[in-house]
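One letter stands for each residue in the lines below.
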Amino acid sequence: KIYHNQPIDENEFEILSALTLGYSRELDPETKRVFSSSGAIHVLSVSGQHVAIIFWAITLLFGFLKNRKSGRTIFLIITISALWFFAFITGLSPAVMRASAMFTIFVIADYMHRKSNIYNSFAASAFILLLINPNNLFDIGFQLSYTAVFGIVYLQPKLEKLIEVKSKLSRFFWSLTTVSIAAQIATFPITSFYFGQF
């Protein structure tokens, strides 16, 4: 309703709704085709990256609370509430639930002064989501989300070491590039099988 009240045309409304809320039911088939053929269809669906941005924003706004004993509990409640509120308003897509579960585990571990292991968080979030709904295993979004993250966690550090980059700015862009390559390599078998394109 907020978007509808803004002075934007229908096509922009559809893209904005898909980008921010994962609401793509009204998206024009031609727009979907253009994004798909350019390899950017993932931009039109909410993902773990959206959750990461929300987590980053919460940390930026409320991170100071972690310096106080009672504030740590408030920070924990705010973070988990905001992440899962976003997950619910975007329709509980597998990618968002995966990211929300992983960040929840991370925040709880930090609250308890425990060092979180990315592989343990990854496996625990998958276990929880499959416990809630075992059919998630056959969901393409679930499969793509977990294989992409596995590729990023496992392959990206190895790819990044292939070329030694001295400059800080170049290292930043090289890191972004290797993240993308790692995710593409990991998801290649699934995207080829389901969509017949890379």
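That block above? That's the structure.
Since this is a predicted model, take the numbers as computed values, not measurements.

Describing the overall build of the protein
Consideration 1: Each helix and strand in the protein was counted, giving nine helices and zero strands.
Consideration 2: Going from the N terminus to the C terminus, the protein shows its helices and strands as α-α-α-α-α-α-α-α-α.
Consideration 3: Seen along its three principal axes, the alpha-carbon backbone of the protein occupies a region of about 55 × 50 × 40 Å.
Consideration 4: The buried share among the 198 residues of the protein stands at 30%.
Consideration 5: Taking all contacts inside the protein whose residues are at least 6 apart in sequence as the whole, residues at least 24 apart take part in 51%.
Consideration 6: Summed over all atoms, the accessible surface of the protein reaches about 12800 Å², with 67% contributed by carbon and sulfur.
Consideration 7: Placing the 16 positive and 11 negative side-chain charges of the protein at their respective mean positions leaves the two points 20 Å apart.

Describing the packing of helix α6 (residues 118-132) against helix α7 (residues 140-154)
Consideration 1: Here α6 crosses α7 at 170°, and the two axes come no closer than 11 Å. On the basis of the axis angle, α6 is roughly antiparallel to α7. Here I118, Y119, F122, S125, A126, L129 and L130 of α6 lie close against α7, whose contacting residues are F142, Y146, V149, F150, V153 and Y154.
Consideration 2: Class assignment of the residues belonging to the contact of α6 with α7 gives a composition of 12 nonpolar, one polar and no charged.

Re the pattern of salt bridges
Think of it this way: side chains of opposite charge can pair up when their charged atoms draw near.
Consideration 1: Counted by the stated rule, this structure contains two salt bridges.
Consideration 2: Its salt-bridge partner being K166, residue E164 comes within 3.2 Å of it at the nearest N-O pair. The pair formed by E164 and K166 is uniform in burial state, with each residue classed as exposed.

Describing the nonpolar core
Consideration 1: Grouped together as the largest cluster of nonpolar side chains are 10 residues: V46, V51, F55, L76, L83, F86, A87, V96, A99 and V107.
Consideration 2: Going through the elements one at a time, α3 (48-62), α4 (69-89) and α5 (94-111) are the ones with two or more residues in this core.
Consideration 3: Residue contributions to this core peak at four residues, all from α4.
Consideration 4: Discounting chain neighbours no more than four positions away, the residues touching V96 are V46, S47, V51, F86, A87 and T90.
Consideration 5: Core analysis: the next-biggest nonpolar cluster, separate from the first, contains eight residues, M97, F142, Y146 and V149 among them.

Structural notes on empty space enclosed by the protein
Consideration 1: This structure, assessed with the given rule, holds one cavity of 30 Å³ or more.
Consideration 2: As a volume, the largest cavity reaches approximately 40 Å³.
Consideration 3: Around the largest cavity sit K66, R72, F75, V107, D110 and Y111, which together line it.
Consideration 4: Those elements giving two or more residues to the lining of the largest cavity turn out to be α4 and α5.

Calculation notes
Residues numbered from 1 in each chain as written. Predicted model: local features only at pLDDT ≥ 70, side-chain atom pairs only at ≥ 80, totals over all residues. Heavy atoms only, no water. Helix = DSSP H or I, 4+ residues; strand = E, 2+ residues; numbered from the N terminus. Buried < 20%, exposed > 50% of the residue type's maximum accessible area, 1.4 Å probe, protein only. Contact = heavy atoms within 4.5 Å. Areas by Shrake-Rupley, 256 points an atom, 1.4 Å probe, with all protein chains shown as cover. Lys, Arg positive; Asp, Glu negative; His and termini not counted. Charge placed at Lys NZ, Arg CZ, Asp CG, Glu CD. Axes fitted to C-alpha atoms, helices over the stretch in contact; angles between N-to-C directions. Parallel < 35°, antiparallel > 145°, perpendicular 65-115°, else oblique. Nonpolar A, V, L, I, M, F, W, Y, C, P; charged D, E, K, R; others polar. Salt bridge = Lys/Arg side-chain N within 4 Å of Asp/Glu carboxyl O. Core = buried A, V, L, I, M, F, W, Y, C linked by side-chain atoms within 4.5 Å. 1 Å grid on protein atoms, 1.4 Å probe; cavity = no way out; pocket = protein on both sides within 12 Å on 5 of 7 lines; lining within 4 Å. Points joined across faces, edges and corners; volume = space filled by probe spheres on them.

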